[in-house]
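# Summary of the model geometry
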Amino acid sequence: MTTIPVPPGDRTTATSDSAAAPRPEASGVPEQPLRTVSHVVPATGRDLAYRHERSEIELPVTVHFTDGTTAQTNLLLNPGQAELFAIQTEQAIGRRADAKRAQLLSDD
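In short, a report on the structure. Only a predicted model underlies this, so the values are computations on that prediction, with no experimental measurement involved. (Residues numbered from 1 in each chain as written. Predicted model: local features only at pLDDT ≥ 70, side-chain atom pairs only at ≥ 80, totals over all residues. Heavy atoms only, no water.)

Here we take up the overall build of the protein. If you tally the helices and strands in the protein, you get 1 helix and 6 strands. Helices and strands in the protein line up, N terminus first, as β-β-β-β-β-β-α. Restricting the contact set of the protein to residue pairs at least 6 apart, pairs at least 24 apart contribute 21%. Accessible surface for the protein amounts to roughly 8900 Å². Of this, 56% is attributable to carbon and sulfur atoms. (Helix = DSSP H or I, 4+ residues; strand = E, 2+ residues; numbered from the N terminus. Contact = heavy atoms within 4.5 Å. Areas by Shrake-Rupley, 256 points an atom, 1.4 Å probe, with all protein chains shown as cover.)

Listed below in structure tokens is the structure:
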């Protein structure tokens with residue numbers, strides 16, 4: 001959910017799951033050109049960590065933008081998300097192995 005800042009003196013609060021981002025100039029932050037995310041990959045050479053105090057898995061990732069730039073951040077997974085991700089990853093690995101076996105059989 002996104003919270004939109006409201007000017008001082010306005011007692012309303014605007015929140016929405018699909019709300020547009022606030023205009024940077026309205027908050028005093030200089031406007032930056034928009035960058036579009038191309039894809040996100042696990043960060044090379046960095047392992048995920050379990051943060052017991054927050055019950056989260058923290059996976060370092062590299063965000064790739066369409067303009068060729070990158071940014072480093074962390075993907076945070078709660079226990080349910082981590083379990084679902086593990087199940088889906090295991091299923092994908094199984095489908096990949098099945099496809100490789102099928103390819104080997106068809107090459108014979």
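The discussion continues.
A complete count under the given rule lists 4 salt bridges for this structure. One salt bridge in this structure joins Glu58 and Arg51, with 3.1 Å as the shortest N-O distance. Residue classification places Arg51 among the partly exposed positions, given a relative accessible area of 29%. Arg101 serves as the salt-bridge partner of Asp98, at 2.3 Å between the closest nitrogen and oxygen. (Salt bridge = Lys/Arg side-chain N within 4 Å of Asp/Glu carboxyl O. Buried < 20%, exposed > 50% of the residue type's maximum accessible area, 1.4 Å probe, protein only.)

A few words on the packing of aromatic side chains. Tallying each qualifying case throughout the model produces 0 aromatic pairs. The ring centre of Phe65 lies 3.8 Å from the NZ or CZ of Arg35, which sits over that ring. (Phe/Tyr/Trp six-rings, centres within 6.5 Å; stacked < 30°, edge-to-face > 60°. Lys NZ or Arg CZ within 6 Å of the ring centre and 35° of its normal.)

Phi angles above zero are rare outside glycine, and Ser55 is one such case at about 50 degrees. For Ser55, a relative accessible area of 32% puts it in the partly exposed group.

In this section: the environment of Thr36. In this structure, Thr36 sits in the loop between strand 2 (14-16) and strand 3 (37-42). For the pair Thr36 and Thr66, spaced 30 residues apart in sequence, the C-alpha separation works out to 5.7 Å. Aside from chain neighbours lying at most four places away, what touches Thr36 is His64, Phe65 and Thr66.

Remember, this is a structural readout, not a statement about activity or role.
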